[in-house]
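Residue strings, one per chain:
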Amino acid sequence: MITKQTSPNLEVSFPSIRWIVPLVFVATWFVLALLLNYLHWLSPFYGALLLTPILTTAILRIQIFQHHGIRFLPWRQASRLYGWSLITWVSLVTLFYSIELWRGKWAYASLLKEVEQSNRSLDVASLAPPIIDDAENLCATPLLASLIRGNENASLILGDFREISPSEELDRIRSVKLPSSEKRRTNPWYSRLSNPWYSNQTTDFDFWVRLFEQELDAPSSHEQASKTNTGSKGSPTEQILTYLKPHSSLINELLEACQNSPKSRWNLDFSRGWMVEGLAAERDQVLANLVSVLALRSSANLALNESKLAARDILLGMRLIDTVRLEPSIHTQLRRLGWLFVLFQPLWEGLADRKWAREHLDQFSTALGQIDLDAETERLRTSTALLEMDLWNEIDDAYSLRNLKTNYRELLQRDRGVLLWIGILWQFHPKGWSYQTQVLTYRWFFPPSGTETYLPKSTDPANTLFVIPKLQQHRADLETGLPNSRFTIEQARIACALEQAWIEHGRYPESLSALQIEPQQSNIENLIRLRSQISYHRTPNNRYLLTPIFVKNPSLNFKSENNPDLINLGNTVWDRVWRYPSPGTLSSE
């Protein structure tokens, strides 16, 4: 034991630092290794390294308390104890940031070299769709062009994604929508609004009429339609068309624009990478509204035997949806498929009632055949990796010290200053971790050669808590969501071919092999494998079912809860069984 004289009246006795420091380091490292075993092995080492000076100082101070009570140390002794502890700790923190910065830059430089050797690019600008002349560009028409006037200076933390100048075209296209989603979600009948064709539910026009009537504070076009409809009420389908009549002129303009403009590309600055999705938020909302209006109008026209008008609305909706097909965001593509499945409602109703002519079926099959999700999956894998990598560049730029100084007052006023505090805390986030996260993201989608799956361990806890779960969702979308959607689209193409066979021969074929469906996808082997997973069953009442091959005892009253294999897949897309009883007359076989 060492006895240290601190003053004439104060003696301090404590164990030798030569062995207490390594003891504290080893004990701290062991505890952190148990708690942080899901992180990189360096994480408990860094933790033990940074905590050792603090814990050592605390132990020494506690021992002084035990011998002499709570008393202030003499200035000279206190400055030696706390001063050297502070210097040691700051030095270790600096060492930690330097090591992580070196590791991050080294990993990123290695990735750049590998990408160059594989003839790939990490530039998000390379994801942009090809430039199109405005004369041939559907999205350059005044109506649609009014949706893209995003602020070039939009910031991740300040927002301002949609600084769109007011215009007559913008007001007109924004007005095309069904009763507000907020009111529908609070309505107990909201679940019926989705009109799930795969559950054999047809459009409930009575319910839609009630919704329109309840929309007293709707846009002026709806109010005018309501007043027009009050005088002479017809059937529910006629009332629906009356409510939607104010939008007819705009829809006709879009139809004419589609005829004059065979190509499409939205005027977005795709070099902004991840920020493009925010700049296109207004566009996506308007497209969703347009598709919903077209689907409801098509169902109403079908009910009145106006199949030509119904088919025109479906094809217009498909053309509008196709305008985003080449965009790099996987979120945009998933929304695009969701909009497409909304249009499947009138498509299914026309097939169930046998109201489509051969020319309509040919048009539907051609439009659906152009959706090549096999080719899109690989493109989206690359674009998702680059956009997620770009997100970290955007975060670093948004929360840079320069931006915080420039936008200090505005950040202080937003969300009670929360964004400002996040920006301040971000200054302590090692820059090397941002490099490492970008490498992790790329490796997640493109594992090193010889590795099927990439399960990284990172020194950054945020990767484990936030980044990896998000990447897992993206992987599920690419490996499960898109294939399941392709399965549903192929079912629709087969259904159109079966209806064509009925028109020609007055009966459905005994097997799908008798159908001649032109393959329009890039990967023919995948298409053949996909069709082999579709089971075809003819029913006694001259109808049929298209189901996944593992559905047990398929019937017109099929329910997924009776087939545990479906539930185990964890994806409701596989529950979509195409069945064709007459709408409203569902009966068991």
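Residues numbered from 1 in each chain as written. Predicted model: local features only at pLDDT ≥ 70, side-chain atom pairs only at ≥ 80, totals over all residues. Heavy atoms only, no water.

**Description of the overall build of the chain**
Put simply, the test is: Helix numbering and strand numbering both begin at the N terminus, where a helix is a DSSP run of H or I of at least 4 residues and a strand a DSSP run of E of at least 2. Residue burial is assigned from relative accessible area. The probe radius is 1.4 Å, only protein chains are included, and a residue is buried under 20% of its type maximum, exposed over 50%, and partly exposed in between. To be clear on the numbers: accessible area is Shrake-Rupley with a 1.4 Å probe, and residue cover counts the displayed protein chains and nothing else.
Each helix and strand counted, the chain has 23 helices and five strands in total. Within the chain, the proportion of its 589 residues that are buried is 50%. Taken as a whole, the chain presents about 30,000 Å² of accessible surface, with 55% of it coming from carbon and sulfur.

**Some points on the packing of helix α20 (residues 431-445) against helix α21 (residues 461-505)**
This is how the line gets drawn: Axes here refer to lines fitted to C-alpha atoms; in helices the fit is confined to the stretch in contact. Angles between the N-to-C directions go from 0 to 180 degrees. Should an angle fall under 35 degrees it is taken as roughly parallel, and over 145 as roughly antiparallel, whereas 65 to 115 is taken as roughly perpendicular and any remaining angle as oblique. For a crossing to be left-handed, the near helix must be turned anticlockwise from the far one by less than a right angle; the clockwise case is right-handed. Residues count as neighbours in contact if any of their non-hydrogen atoms are within 4.5 Å of one another. Throughout this entry, Asp, Glu, Lys and Arg are counted as charged residues, while Ala, Val, Leu, Ile, Met, Phe, Trp, Tyr, Cys and Pro are counted as nonpolar. The remaining residues, Gly among them, count as polar.
Running from N to C, α20 and α21 point in directions that differ by 25°, and their axes come no closer than 11 Å. In terms of axis orientation, α20 runs roughly parallel to α21. Once α20 is placed against α21, the crossing between them reads as right-handed. The residues of α21 that touch α20, namely those facing Trp433, Thr437, Leu440, Thr441, Trp444 and Phe445, are Pro461, Asn463, Val467, Ile468, Leu471, Gln472, His474, Arg475 and Leu478. Residue composition of the contact of α20 with α21, grouped by class: nine nonpolar, five polar and one charged.

**Structural notes on the packing of aromatic side chains**
Here is the rule: Note on ring pairs: Phe, Tyr and Trp rings are taken, using the six-membered ring of Trp, and paired if centres are within 6.5 Å. Classes follow the plane angle, with under 30 degrees stacked, over 60 edge-to-face and the rest tilted. Criterion for a charge above a ring: Arg CZ or Lys NZ at most 6 Å from the ring centre, at most 35 degrees from the ring normal.
The final tally for this structure, using the stated rule, is 12 aromatic pairs. A ring pair is formed by Phe96 and Tyr97, whose centres lie 5.2 Å apart and whose planes are at 70°; its orientation type is edge-to-face. Owing to a relative accessible area of 10%, Phe96 belongs among the buried residues under this scheme. In this arrangement the basic side chain of Arg120 is found over the ring face of Phe446, its NZ or CZ atom lying 4.2 Å from the centre. The ring of Trp444 is capped by Arg475, whose NZ or CZ atom sits 4.0 Å from the centre of that ring.

**Focus on helix α12 (residues 281-303)**
Heads up, the condition is: Expected helix span is given by 1.5 Å per residue-to-residue step, counting one fewer step than there are residues.
An ideal rise of 1.5 Å per residue puts 33 Å on 23 residues; α12 measures up with 34 Å between its terminal C-alpha atoms. Among the 23 residues in α12, 19 count as buried, and that is most of the element. Where α12 terminates, the next one or two residues include Asn305, which has phi positive at roughly 65°.

**Considerations on the pattern of salt bridges**
Note the cut-off: Think of a salt bridge as a Lys or Arg side-chain nitrogen and an Asp or Glu carboxyl oxygen that are within 4 Å of each other.
With the rule as written, the count across this model stands at 20 salt bridges. As a salt-bridge pair, Arg283 and Glu327 come within 2.9 Å of each other at their nearest N and O atoms. Of the two residues, Arg283 is situated in helix α12 and Glu327 in the loop between α13 (307-322) and α14 (330-352); the sequence distance between them amounts to 44 residues. Glu327 shares its class with Arg283; the two are buried. Salt-bridge contacts for Asp322 lead to Arg325; the nearest nitrogen and oxygen are separated by 2.7 Å. For Asp322, a relative accessible area of 25% puts it in the partly exposed group. Where salt bridges share partners, they join Glu277, Arg283, Asp284, Glu327 and Arg335 into one cluster.

**A few points about a nonpolar patch on the surface**
Put simply, the test is: Distance thresholds for patches are 9 Å for like charges and 5 Å for nonpolar side chains (Val, Leu, Ile, Met, Phe, Trp, Tyr), applied to residues having over 30% relative accessible area and no salt bridge.
On the surface, a cluster of nonpolar side chains totalling about 490 Å² of accessible area is made up of Leu51, Ile54, Leu55, Leu86, Trp89 and Val90. At the level of secondary structure, the elements contributing two or more residues to the nonpolar patch comprise α2 (42-68) and α3 (75-117).

**Concerning the pairing of strand β3 (residues 534-539)**
What counts, and what does not: Paired strands are those between which DSSP finds at least two bridges.
Here β3 runs beside strand β4 (residues 543-548); their pairing, made up of six bridges, is antiparallel. Bridging across to β4, Arg538 finds its partner in Tyr544.

**Considering helix α10 (residues 248-260)**
Each full turn of the α-helix corresponds to 3.6 residues, which orients residues three or four apart in the same direction. Heads up, the rule is: Of all possible arcs, the one meant is that of the directions from the helix axis to the C-beta atoms.
Compared with the 18 Å implied by 1.5 Å per residue over 13 residues, the 19 Å span of α10 between its first and last C-alpha is a close match. Listing the buried residues of α10 in full gives Leu250, Ile251, Leu254, Leu255, Ala257 and Cys258. Down the axis of α10, the sector holding all buried residues measures 165°, keeping them to one side. Turned more than 90 degrees from where α10 packs its buried face, Gln259 and Asn260 sit exposed.

**Considerations on the pairing of β4**
Within β4, six of the six residues are buried, which leaves it mostly tucked inside the rest of the structure. Hairpin connection, β3 to β4: the antiparallel pair is bridged by three residues, and Asn542 has positive phi, about 60°.

**Here's the deal with the nonpolar core**
Selection criterion: Only buried residues count toward a nonpolar core. Its members are Ala, Val, Leu, Ile, Met, Phe, Trp, Tyr and Cys residues joined through side-chain atoms within 4.5 Å.
Core analysis: the largest hydrophobic core is formed by 119 residues, its most contacted members being Ile240, Trp266, Leu290, Phe344, Trp356 and Ile489. It is α21 that contributes the most residues to this core, 15 residues altogether.

**A few points about unusual backbone geometry**
Positive phi values are uncommon outside glycine, yet Asn305 reaches one of about 65°. Examined against the element boundaries, Asn305 turns out to sit in the loop between α12 and α13. Positive phi values are uncommon outside glycine, yet Arg354 reaches one of about 55°. Along the chain, the position of Arg354 falls in the loop between α14 and α15 (358-369). Judged by its relative accessible area of 27%, Arg354 falls in the partly exposed class.

**Some remarks on the environment of Gly506**
By the secondary structure assignment, Gly506 is in the loop between α21 and α22 (524-532). Sequence spacing of Gly506 and Asn542 is 36 residues, and the spatial spacing of their C-alpha atoms is 9.7 Å.

**Comments concerning the confidence of the model for the chain**
Note the cut-off: Known as pLDDT, the predictor's confidence for each residue is given on a scale from 0 to 100.
Taken as a whole, the chain shows an average pLDDT of 77; of its residues, 74% reach a score of 70 or greater. Highest mean pLDDT in the chain belongs to α13 (96); lowest belongs to helix α23 (residues 564-569) (33). The low-confidence segment residues 1-14, where pLDDT is below 50, has 33 contacts with residues more than four positions distant or belonging to other chains. With pLDDT under 50 throughout, residues 181-193 is counted as low confidence; its partners more than four residues away or in other chains account for 17 contacts.

**Section: the packing of α13 against α15**
Following both chains from N to C, one finds α13 and α15 inclined at 10°, their axes separated by 11 Å at the closest point. Considering the angle they form, α13 stands roughly parallel to α15. Together, Ser307, Lys308, Ala311, Ile314, Leu315 and Met318 of α13 and His360, Gln363, Phe364, Ala367 and Leu368 of α15 make up the contact between the two elements. Looking at side-chain class alone, the contact of α13 with α15 contains seven nonpolar, three polar and one charged residues.

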